[in-house]
Amino acid sequence: MAQPLEERLVKMENQVSILQKLADISASLNAQVELRPLLQHIMAVAVEIAECEAASVLLWDNSRQQLIFVASTTMKSDNTSLLGTAVPMDSIAGTIYKGNKIVQVDDTKQDDRHYDRVDEEIEFTTRSLLGVPLTYKNRVIGVLEALNKHSMPWTKADRVHLSTLAAQAAVAIENTKLVSDLKKANRDLNEVDKLKNDFIAIASHELRTPLGVIMGYASFLQEEESESAKEHAGKVLESALKLRKIIEDMVNLRYLKQNRADLHISNIKTSSLMKAVTSDLIALMDLQDYDFSYEPPEEDKLLAVDATRISMALTNLMHNAISFTDDGGKITLKATLVSKREMHISVTDNGIGIAPEQIDKIFGEFYQVEDHMVRKHGGLGIGLSICRAIVEAHGGRIWAESDGVGKGATFTMALPTADS
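As the structure is a prediction and not an experimental result, all values here were calculated from the model. (Residues numbered from 1 in each chain as written. Predicted model: local features only at pLDDT ≥ 70, side-chain atom pairs only at ≥ 80, totals over all residues. Heavy atoms only, no water.)

Attention now goes to the overall build of the protein. Counting its secondary structure elements, the protein contains nine helices and 13 strands. Each of the 420 residues in the protein was classed as buried or not, and the buried ones make up 43%. If you take every contact in the protein between residues at least 6 apart in sequence, the share linking residues at least 24 apart comes to 66%. Working note: accessible area of the protein is about 23,300 Å², and carbon and sulfur atoms make up 53% of it. (Helix = DSSP H or I, 4+ residues; strand = E, 2+ residues; numbered from the N terminus. Buried < 20%, exposed > 50% of the residue type's maximum accessible area, 1.4 Å probe, protein only. Contact = heavy atoms within 4.5 Å. Areas by Shrake-Rupley, 256 points an atom, 1.4 Å probe, with all protein chains shown as cover.)

In this structure, Ala 93 sits in helix α3 (residues 92-99). By relative accessible area, which is 4% here, Ala 93 ends up buried. Along the primary structure Ala 93 and His 114 are separated by 21 residues, whereas in three dimensions their C-alpha atoms are 8.5 Å apart. In contact with Ala 93, other than residues within four places in its own chain, are Leu 58, Leu 67, Val 87, Val 143 and Glu 145.

Right, let's get into the sheet that holds strand β5 (residues 129-136). Spatial ordering of the open sheet is given by β3-β2-β1-β6-β5-β4, a layout of six strands whose pairing is antiparallel. Because the sheet does not close on itself, it has two edges, and the strands there are β3 (86-87) and β4 (103-105). Both strand β1 (residues 52-61) and strand β2 (residues 66-72) contribute to a ladder of six bridges, which runs antiparallel. Within β2, the residue paired with Ser 56 across the bridge is Ser 72. Relative to β1, helix α2 (residues 35-50) is tilted by about 140°, and along the sheet it contacts β1, β2 and β6 (139-149). Of the strands in this sheet, β1, β2, β3, β4, β5 and β6 touch α3, which is tilted by about 140° from β6. (Pairing = 2+ DSSP bridges. Axes fitted to C-alpha atoms, helices over the stretch in contact; angles between N-to-C directions.)

Moving on, we come to helix α7 (residues 270-283). With 14 residues, α7 extends 20 Å between its outermost C-alpha atoms, agreeing within 8% with the 20 Å of an ideal straight helix rising 1.5 Å per residue. Of the residues making up α7, those classed as buried are Thr 270, Ser 271, Leu 273, Met 274, Val 277, Thr 278 and Leu 281. The arc that holds every buried residue of α7, seen down its axis, measures 160°, which confines them to one face. Across from the buried face of α7, at angles greater than 90 degrees, the exposed residues are Asp 280 and Ala 283. On its buried side, α7 packs onto β7 (266-269), β8 (291-295), β9 (302-305), α8 (307-323), β10 (330-339) and β11 (342-349). (Expected span 1.5 Å × (residues − 1). Arc of directions from axis to C-beta.)

Pairing within the open sheet is mixed, and its five strands lie in the order β8-β10-β11-β13-β12. With partners counted over all chains shown, the strands left at the sheet margins are β8 and β12 (397-401), one partner each. Along the sheet, successive strands turn relative to each other by an average axial angle of 15°, direction set aside. With eight bridges connecting them, β10 and β11 associate as antiparallel partners. Paired with Ile 331 across the bridge in β11 is Asp 349.

Turning our eyes to something else, we now look at the nonpolar core. By size, the foremost hydrophobic cluster in this structure holds 39 residues, and its most contacted members are Ile 345, Phe 411 and Met 413. Going through the elements one at a time, α7, β9, α8, β10, β11, α9 (383-393), β12 and β13 (409-416) are the ones with two or more residues in this core. At eight residues, α8 tops the list of elements feeding residues into this core. In this structure Phe 411 touches Leu 317, Asn 320, Ile 345, Ser 346, Val 347, Ile 354, Ile 362, Phe 363, Leu 384, Trp 399 and Ala 400, once residues within four positions along its chain are discounted. (Core = buried A, V, L, I, M, F, W, Y, C linked by side-chain atoms within 4.5 Å.)

A separate point is the packing of α7 against α8. For the pair α7 and α8, interaxial distance at closest approach is 10 Å and the crossing angle is 50°. Considering their axes alone, α7 and α8 lie oblique with respect to each other. You can see that α7 and α8 cross each other, and the crossing is right-handed. Contact residues: Leu 273, Met 274, Val 277 and Leu 281 in α7; Ala 307, Ile 310, Ser 311, Leu 314, Thr 315, Met 318 and His 319 in α8. (Parallel < 35°, antiparallel > 145°, perpendicular 65-115°, else oblique. Left-handed = near helix turned anticlockwise from the far one by under 90°.)

It is worth spelling out empty space enclosed by the protein at this point. Empty space left among the atoms is revealed by rolling a probe the size of a water molecule over them. Counted according to the given criterion, the structure contains one cavity of 30 Å³ or more. What the largest cavity holds in volume is close to 180 Å³. Residue lining of the largest cavity: 21 residues in total, with Phe 69, His 114, Tyr 115, Leu 129 and Glu 145 positioned closest to the centre. Those elements giving two or more residues to the lining of the largest cavity turn out to be β1, β2, α3, α4 (116-122) and β6. Residues of the lining of the largest cavity, tallied by class, amount to twelve nonpolar, six polar and three charged. (1 Å grid on protein atoms, 1.4 Å probe; cavity = no way out; pocket = protein on both sides within 12 Å on 5 of 7 lines; lining within 4 Å. Points joined across faces, edges and corners; volume = space filled by probe spheres on them. Nonpolar A, V, L, I, M, F, W, Y, C, P; charged D, E, K, R; others polar.)

Here His 232 shows up in helix α6 (residues 227-251). On the basis of relative accessible area, His 232 is assigned to the partly exposed category, the value being 47%. Distance in space between the C-alpha atoms of His 232 and Gln 222 is 8.4 Å, their sequence separation being ten residues.

Attention now moves to the packing of aromatic side chains. Evaluated as defined, the whole model comprises two aromatic pairs. Pairing Trp 60 with Tyr 97 gives two aromatic rings, centres 4.9 Å apart and planes at 15°, and the pair type is stacked. Remark: Tyr 97 occurs in helix α3 and Trp 60 occurs in strand β1; sequence separation between them is 37 residues. For the pair Phe 363 and Phe 411, a centre-to-centre distance of 6.1 Å together with 75° between the ring planes defines the contact as edge-to-face. Of this pair, Phe 363 sits in the loop between β11 and α9 while Phe 411 sits in strand β13, and the two are 48 residues apart along the sequence. (Phe/Tyr/Trp six-rings, centres within 6.5 Å; stacked < 30°, edge-to-face > 60°.)

On to the confidence of the model for the protein. Predicted confidence across the protein gives a mean pLDDT of 83, with 82% of residues reaching 70 or more. Long-range and interchain partners of residues 370-378, a stretch whose pLDDT sits below 50, account for eight contacts in this model, where long-range means more than four residues apart. (pLDDT = per-residue confidence, 0-100.)

Here is the structure:
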């Protein structure tokens, strides 16, 4: 009696060990983010719990519509010829996959379904086999095989343990494939984004050269005595300036996505920022046809900003006011210190105004208040989007106010001071 009892105790301890391993295996499987090491781990566990010589994993390939080997411990380290090999659907693995059922073969020589061509190619002899389906959300995705049990026959416990492992493995495999697909999608997206940026950079560079020539000759023709020549040259120059603005918008597309890490923060006086922007606009004659007023802050606080980016945002607000205000209209640039830590810089115009239902939409990317087929005002519709991205990257805020259509608008940036 002592010997059978001792044997039973050993078996029970072995069962407890296997169950504990299966309980712990889920976390370790899902910790793997690459498919190859995950499959190696699955096979190693299969060999251990089934007490067998080797293990293999076959997965269904949708593109090839075949069941193929993706991993196996039967191969020598320098032989990967088995990987990618398809098996017939009337093979043992094919039977498991199609029937979504466990198949046990105690002697492969007696089973016509055994695909011995694989054994010949990798110089391995399969004597016995236990295969279970890999099932994910009621869908069979592949097959897990345990090969050549050390002490025959295969047992009910082997079937239960291998099925439990297969259930956990299927989830881990699908999760890993999803992660892999996501990484690939991100790589593709980054590549597309790089191509887009490269194209924009090249196109804008190539457009600037002939545009510079056009503007130069147009300016020269405006100095002619002929009123007709001056008028035509003026129209050419006006169109060239609009084209220049579109090119600038193209170049600035990259600023639609801003992060704090992209900024080079330094301290700059509010008045210095405002003067630099207005000086550029005056030099380019963008403000010559408007009643422009400039109101610096009473207390000229230092701003903690990336001066280049914030200048771009403020310039965009000014261009927005110029675009939507008729010649002779009034535009005001004003700064107000509202607290020790926050400065408001606003641009007010008496232009076409904004309908109440448009207020929350105008900062959207490529959003146009007017229908693109009949609109009178040009641009790509990204100026305000860039403003929002830049200001929010600084931890600031931006908003618009208007009493309605035909009643002008005010755009305000709230920026951090150096005391923040």
